[in-house]
Amino acid sequence: EKKEEESEWKKWELKKFQEFRFEIDFTSSITIKLIKGTAEIFGAELAIGIEYEIRGQKAAIFTWHGCIFEIKGECDVEYIAEETPMMSYLNTHMAIEQMRCRIEKEGGDEPRVMIVGPSDVGKTTLCKILINYAVKHGRTPMFVDINPNEGTVTIPSTLTATVIDKPIDIEEQLSVLPAKSSMAPLTYFYGYLQSTDKLKLYNKLLIKLSETIQKKMDKDSVVRHSGLIISTPNNLSNNANWDTFTFIIEKFKVNVVIVVGHERLYSDINKCYQDNKKISVVKLTKSGGVVNRDPSTRRILQSYKIKEYFYGTHKCELAPYSVIVPFSDIFIRTIEQGIAPSSALPIGMERKVQETRLVPVEPTEDLINSILALTNVDVKENEETNEEEDDILIGTRLLGFVHVTNVDTEKKKITLLCPCHGRIPKKYMLLADLKWIET
Ligand code: ADP
């Protein structure tokens, strides 16, 4: 029997600069073991003799010097590619690293790198590579994810910033980072999947996030010198979103813009900033290995991110628990944008211009399968909030998320799935425009 098990391993050999590309579904897994040489997955080095179990990933094993590795299990797709953009990615990292070295010697600005491009050009992958190479140099860069569509670090519909002090885990990627990093991600609740859905709210959160990041950097010079790696929404590459693009540059004091896989966008940005000595614009090509994801695949990926939040990964399983809470103990708000329609106002009353405001949500069956974000803001006695308090609530850091599994309007009770044990504190909750059905 032992022989049979051994024969399941399949050996692969890569020459220098080649990469082995593979795709694995969420329902199956493969095990990878490096036998000889050096190899990395998106910049994270594989250790010799260690078995890595990989699930639900499309990725590549790349080698700078050549390697031999073995794989157990079936890939949906597997092939060796000769051509990759890895050399240009490494050179970009080296240029960023030089900026970091320069601060230590003669001062200057830390790298604040923003990666833009259309969907499926390898933006997130490039972020991972740049982070892993920075960590290899002993840096602790901050990964800023302002793409609410993917929820790379936590769950979709959020904006996050995370200090990364270790290579990205080969098996889990950037998932459930709080357990692994010395710093839990800073998470802001947006509640929508597209940055353009509620642009005023999105912009407001960008300001809050950038301010919090600045505070962190002012306190921690190691993080500051390492700089920012900012992952942006795909739709930033549309001309219509130019204002958001320049807003991000301004708020996050971006000084390196990397454009991946989009000539025209590169040319537009380059033209705009050519006289600005503080901002460099870099063009990088898309890797031939990047896999396209259609809308249904994206939905599946979003759903897996939420599942992971509650149940963990195959490597680190979590046991969520259910609580039943009376309606009177939960306080749900939804964030709305824009002004109240004048028809809703009494005659003679001024229309009040408020960019974002909170609206109470009464529990009904509509809430079933919704995701709620638990804020850190205590519920006040009279439950009424004013504009200023709304603002605090909108920009608050989150304690976590819960999933509504049932609403019983007769007994006036709501059932929530929570990631960890304990009572639901008397704090405001925010409703996300996001449903998840457990499968
Ligand atoms: P974007 O952020 O631009 O939408 P991603 O970086 O998320 O694109 O890449 C899309 C998908 O392609 C991801 O699943 C990623 O893991 C995969 N991918 C990226 N580069 C490679 C590669 N060289 N080989 C195989 N798969 C890759």
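- Looking at an unreviewed UniProt entry, one finds the chain named Polynucleotide 5'-hydroxyl-kinase GRC3, with Anaeromyces robustus as its source organism.
- According to the UniProt record, the Function (unreviewed entry) comment for the chain reads "Required for endonucleolytic cleavage during polyadenylation-dependent pre-mRNA 3'-end formation."
- Under the heading Subunit (unreviewed entry), UniProt records this for the chain: "Component of a pre-mRNA cleavage factor complex. Interacts directly with PCF11."

A short note on the overall build of the chain
Now for step 1: Looking only at helices and strands, one finds nine helices and 23 strands in the chain.
Now for step 2: Radius of gyration (C-alpha) of the chain: 23 Å, near the 22 Å computed for a compact globule of 439 residues.
Now for step 3: Overall size of the chain, expressed as C-alpha extent along the three principal axes, is 75 × 65 × 40 Å.
Now for step 4: The burial tally for the chain puts 38% of its 439 residues in the buried class.
Now for step 5: Considering only contacts in the chain between residues 6 or more positions apart, those separated by 24 or more positions represent 76%.

Quick word on the sheet that holds strand β5 (residues 44–45)
Now for step 1: What the five strands build is an open sheet, ordered β5-β4-β7-β2-β9; its pairing is antiparallel. Looking at the sheet topology across the chains shown, the edges are occupied by β5 and β9 (77–81).

Here's the deal with the site of the ligand
Now for step 1: Residues in contact with the ligand amount to 16 residues; listed here are only the nearest, A60, K123, T124, T125 and G289.
Now for step 2: Listing elements by their share of the shell around the ligand, those giving two or more residues are β7 (58–62) and α3 (123–136).
Now for step 3: The residue inventory of the shell around the ligand, partitioned by class, reads five nonpolar, seven polar and four charged.

Digging into the nonpolar core
Now for step 1: By size, the foremost hydrophobic cluster in this structure holds 103 residues, and its most contacted members are V113, M114, L130, I230 and L372.
Now for step 2: Broken down by element, the residue count for this core peaks at seven residues, all from α3.
Now for step 3: Apart from the residues within four sequence positions on either side, M114 is in contact with I230, T232, I248, I249, F252, V254 and V257.

What about the confidence of the model for the chain?
Now for step 1: The share of residues in the chain with pLDDT of 70 or more is 92%, and the mean pLDDT across the chain is 89.
Now for step 2: Mean pLDDT values for the elements of the chain range from 54 in helix α1 (residues 2–7) up to 98 in strand β4 (residues 40–41).
Now for step 3: Prediction confidence for the complex, expressed as pTM and ipTM, is 0.92 and 0.99 respectively.

So, the UniProt feature "binding site: ATP" (unreviewed entry) in the chain
Now for step 1: Here, the residues flagged by UniProt with the feature "binding site: ATP" (unreviewed entry) are E19, K58, D120, V121, G122, K123, T124 and T125.
Now for step 2: Among all residues touching E19, those that are not within four sequence positions of it are A60, I61, F62, A81, T84 and G289.
Now for step 3: Checked against the element boundaries, G122 lands in the loop between β10 (112–116) and α3.
Now for step 4: Residue classification places G122 among the buried residues on the basis of 24 C-beta atoms within 10 Å.
Now for step 5: If sequence neighbours within four positions are ignored, G122 has contacts with V260, K286, S287 and V290.

Section: the packing of helix α2 (residues 86–106) against α3
Now for step 1: Contact geometry for α2 and α3: axes closest at 10 Å, N-to-C directions at 50 degrees. What the angle tells us is that α2 and α3 run oblique. In the packing of α2 onto α3, the handedness of the crossing is right-handed. When α2 is examined against α3, the residues Y89, H93 and I96 are found in contact with a partner set consisting of L126, I129, L130 and Y133.
Now for step 2: For the contact of α2 with α3, the class distribution of residues is six nonpolar, one polar and no charged.

Topic: α2
Every α-helical turn comprises 3.6 residues, leaving residues that sit three or four positions apart pointing alike.
Now for step 1: For α2, spanning 21 residues, the distance from its first C-alpha to its last is 30 Å, which sits close to the expected 30 Å at 1.5 Å a residue.
Now for step 2: Where α2 is concerned, the buried positions are Y89, T92, H93, I96 and R100. Seen end-on, α2 carries its buried residues on one side only, within an arc spanning 100 degrees. Away from the buried face of α2 by more than 90 degrees, exposed residues M87, N91, M94, Q98, C101, K105 and E106 are located.
Now for step 3: Tucked inside the fold, the buried residues of α2 contact β10, α3, α5 (221–226), β15 (256–260) and β16 (280–284).
Now for step 4: In the segment just after α2, G107 is the residue with positive phi, at about 80 degrees.

Overview of helix α7 (residues 263–273)
Now for step 1: Every buried residue belonging to α7 is among L265, Y266 and I269, and all of these are buried. Each buried residue of α7 lies within a common arc of 100 degrees when the element is viewed along its axis, so the set occupies one face. Set apart from the buried face of α7 by more than 90 degrees, the exposed residues are E263, R264 and K271.
Now for step 2: Buried residues belonging to α7 abut β10, β15 and β16.

Calculation notes
- Think of each chain on its own: its residues are numbered from 1, step by step along the sequence as written.
- For a predicted model such as this one, the threshold for reporting local features is a pLDDT of at least 70, and the threshold for listing and counting side-chain atom pairs is 80 or more; totals across whole chains, interfaces and linings nevertheless cover every residue.
- UniProt positions are given in the numbering used here, feature names are shortened, and annotations may be inferred rather than shown by experiment.
- Only DSSP runs of H or I with at least four residues qualify as helices, and only runs of E with at least two residues qualify as strands; both kinds are numbered from the N terminus onward.
- A radius of gyration in this sense is built from C-alpha atoms; the matching globule rule multiplies 2.2 Å by the number of residues raised to 0.38.
- Residues are called buried when their C-beta atom has 20 or more other C-beta atoms within 10 Å, exposed when it has 12 or fewer, and partly exposed otherwise; all C-beta atoms are positioned from the backbone.
- With C-beta atoms placed from the backbone, a contact is any residue pair whose C-beta atoms sit within 7 Å.
- Strand pairing requires that DSSP identify at least two bridges connecting the strands.
- Here, nearness means that the C-beta atom of a residue, built from backbone geometry, sits within 6 Å of the molecule or strand in question.
- Each residue receives one of three labels: charged for Asp, Glu, Lys and Arg, nonpolar for Ala, Val, Leu, Ile, Met, Phe, Trp, Tyr, Cys and Pro, and polar for the others, Gly being one of them.
- Here, a nonpolar core means buried Ala, Val, Leu, Ile, Met, Phe, Trp, Tyr and Cys residues linked by C-beta atoms lying within 7 Å of one another.
- You can read pLDDT as the predictor saying how much it trusts each residue, on a scale of 0 to 100.
- The axes are straight lines fitted to the C-alpha atoms, using for helices just the contacting stretch, and the angles between their N-to-C directions are given from 0 to 180°.
- Working definition: roughly parallel below 35 degrees, roughly antiparallel above 145 degrees, roughly perpendicular at 65 to 115 degrees, and oblique for all remaining angles.
- The handedness criterion is simple: a crossing whose near helix is rotated anticlockwise from the far helix by less than a right angle is left-handed, and one whose near helix is rotated clockwise is right-handed.
- Take the residue count of a helix, subtract one, and multiply by 1.5 Å to get its expected span.
- Arc, as used here, means the arc of the directions from the helix axis to the C-beta atoms.

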